[in-house]
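# Structure at a glance
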Amino acid sequence: MKIKLHEIPEEGREYIYNRNTGELNAVLADLIQDAPYEAKIFIRPLNTKNYDVAGYIKSETPELCSQCGENFKYKAEAKIHEILIPGAEEIKNSQFAKSNHVSELNEDGPGVSEYFGDQFDMGEFLHEAIAFSIPFNPRHEAGDPACKTSFKSADGDAFIYDEKMGEEKKNNAFNVLKGLKLN
């Protein structure tokens, strides 16, 4: 789903995508399968080359709970606020600086994405936005009765892994020399 940026009016344009409109069904299929989704995106030009993109995408992804191991539907949501800038052609043997780590990103301000030519691939952008919203170890929400995690021991008490550490005899290599008799 590519958007021709030069066709966006000065006041901006809203784009609404869902399962019924169908433009993103094939692009999102590997993440959300046949789950319903809703995306609302507003794009407005900032100047002749840069664009402001704001909105959200919501859906569900089939995941495996990292606590109980059961399959469940994770509610994936991504808020979007990006500035689109024209992409630079990569020059052979060039070097670019990159962000050190994703933890250094500022979630309050907009991100920056590139577009090439005069088109922006909205489908691929929303695919990545929903993929990044899925945590590394998804799990049921706290207190969800669907989570079959059992943290109870056999006698019904809460399970706590706390091993009593006994006093170990310190094995000193020089202890052997105490019993050694020399002529």
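Residues numbered from 1 in each chain as written. Predicted model: local features only at pLDDT ≥ 70, side-chain atom pairs only at ≥ 80, totals over all residues. Heavy atoms only, no water.

## Examining the packing of aromatic side chains
On inspection of all chains with the given rule, the structure shows three aromatic pairs. Between Y51 and Y115, the aromatic rings sit 5.9 Å apart at their centres with planes inclined by 75°, giving edge-to-face as the arrangement. Taken together, the residues span a long stretch of sequence, with Y51 in strand β4 (residues 51-64) and Y115 in strand β6 (residues 111-115) at a distance of 64 residues. On the accessibility criterion, Y51 (6% relative accessible area) is buried. Each ring, one from F120 and one from F125, has its centre 5.3 Å from the other, and the planes form 55°; the classification is tilted. The residues F120 and F125 share a single accessibility class, namely buried. Sitting over the face of the ring of Y56, K58 holds its NZ or CZ atom 5.1 Å from the ring centroid. (Phe/Tyr/Trp six-rings, centres within 6.5 Å; stacked < 30°, edge-to-face > 60°. Helix = DSSP H or I, 4+ residues; strand = E, 2+ residues; numbered from the N terminus. Buried < 20%, exposed > 50% of the residue type's maximum accessible area, 1.4 Å probe, protein only. Lys NZ or Arg CZ within 6 Å of the ring centre and 35° of its normal.)

So far we have only geometry, and geometry alone does not tell us how the molecule works.
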